[in-house]
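These are the residues of each chain, in order.
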Amino acid sequence: MTAPGVSRSDPTASAPPAAGGNGGQDPSQGILEATKQVARLLKASGHRFALAGSVASYAHGVPRRTLHDTDFCVLRDEIEAVTEVLNDSGMEVWSPPEDWLVKTEFQGQQIDLIFSLSDRPVSPELLERAVARPVDSVWMPVLAPTDLMVSQLTPFSEHHCDFGRVLPLARTLREQIDWAEVRSRCSGLPMAEAFLYLLERLDVIGPSGEETP
């Protein structure tokens, strides 16, 4: 399924050209600049969104060495309007084979606009729970710690299960996360439950039933 107003890309074709080179710039700084640019556009347009992924972790205090790309959560029924805003700014938006996001680039940095997170549509309630955080002095809504943790754990599978990438988030935000809620939303997911058990063994969280958010 292709999002309205967004072109379907040929999986064999190369990605569209970047909006400009980043030269010898630190990759992490390039990711932050891309994040700020898209956030400014979305804020100015009035569209609801929340920062997710590794840059959201950074905004909550996780070291920036964990950055790898930029993810924004947006509402499915606003994708067409968001696409128009980005296109008007010179940023081409395209659809990958996955049917839960669209993509764009800014100065060679990949930006994902996600409208289905953890196999559930991005909802107004999820965006309303977002908290304002600065990203290099630009304030923007960021997924709340509990929602961010769930979004990191639920995609885990036998083919993708990088505990090391999520552990810094759990350590940094452990007192801000509702772990009982995380357990409930991750119930029945073996890899997510294994990670929660690992957190118990590392004394990051208490056993089930003993956590306090």
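All of these numbers come straight from a predicted model, not from anything done at the bench.

Draft legend 1. Focus on the layout of surface pockets. One number sums up the size of the largest pocket: a volume of about 600 Å³. In this structure, the largest pocket is lined by 21 residues; those nearest its centre are Trp100, Ile114, Leu117, Ser151 and Pro155. Those elements that provide at least two residues to the lining of the largest pocket are α2 (53-59), β6 (109-114), β7 (116-117) and α5 (145-153). Looking at the lining of the largest pocket, its residues break down into six nonpolar, nine polar and six charged. Taken as a whole, the second largest pocket encloses approximately 240 Å³ of empty space. Lining the second largest pocket are 14 residues, with Leu117, Ser118, Arg120, Leu126 and Arg185 sitting closest to its centre. At the level of secondary structure, the elements contributing two or more residues to the lining of the second largest pocket comprise β8 (120-121) and α5. When residues of the lining of the second largest pocket are assigned to their parent elements, the largest contribution, three residues, is made by α5. Its residues placed into classes, the lining of the second largest pocket shows six nonpolar, four polar and four charged.

Draft legend 2. Representation of the packing of α5 against helix α6 (residues 163-173). Packing of α5 against α6 leaves a shortest axis separation of 11 Å and a crossing angle of 160°. By the angle between their directions, the pair α5 and α6 is classed as roughly antiparallel. Considering how the two elements wind past one another, α5 and α6 form a crossing that is left-handed. Each of Pro145, Leu148, Met149, Gln152 and Leu153 in α5 lies in contact with α6, whose residues at this interface are Arg165, Val166, Leu169, Ala170 and Leu173. In the contact of α5 with α6, the residues fall into eight nonpolar, one polar and one charged.

Draft legend 3. Fine view of unusual backbone geometry. The backbone of serine 137 sits at a positive phi, close to 80°, despite the residue not being glycine. The phi torsion at aspartate 203 lies on the positive side, around 60°, for a residue other than glycine.

Draft legend 4. Focus on the side chain of threonine 154. If you trace the backbone, threonine 154 turns up in the loop between α5 and α6. Aside from chain neighbours lying at most four places away, what touches threonine 154 is Ser118, Arg185, Cys186 and Leu189.

Draft legend 5. Region of the structure containing the packing of α6 against helix α8 (residues 190-201). Here α6 crosses α8 at 50°, and the two axes come no closer than 11 Å. If you check the angle between α6 and α8, you find them oblique. Helix-helix and strand crossings are classified by hand; for α6 and α8 the assignment is right-handed. Contacts between α6 and α8 involve Phe163, Val166, Leu167 and Ala170 from the first element and Met191, Ala194, Phe195, Leu198 and Leu199 from the second. When the residues that make up the contact of α6 with α8 are grouped by side-chain class, the tally is nine nonpolar, no polar and no charged.

Each value, and the rule that gives it
Residues numbered from 1 in each chain as written. Predicted model: local features only at pLDDT ≥ 70, side-chain atom pairs only at ≥ 80, totals over all residues. Heavy atoms only, no water. 1 Å grid on protein atoms, 1.4 Å probe; cavity = no way out; pocket = protein on both sides within 12 Å on 5 of 7 lines; lining within 4 Å. Points joined across faces, edges and corners; volume = space filled by probe spheres on them. Helix = DSSP H or I, 4+ residues; strand = E, 2+ residues; numbered from the N terminus. Nonpolar A, V, L, I, M, F, W, Y, C, P; charged D, E, K, R; others polar. Axes fitted to C-alpha atoms, helices over the stretch in contact; angles between N-to-C directions. Parallel < 35°, antiparallel > 145°, perpendicular 65-115°, else oblique. Left-handed = near helix turned anticlockwise from the far one by under 90°. Contact = heavy atoms within 4.5 Å.

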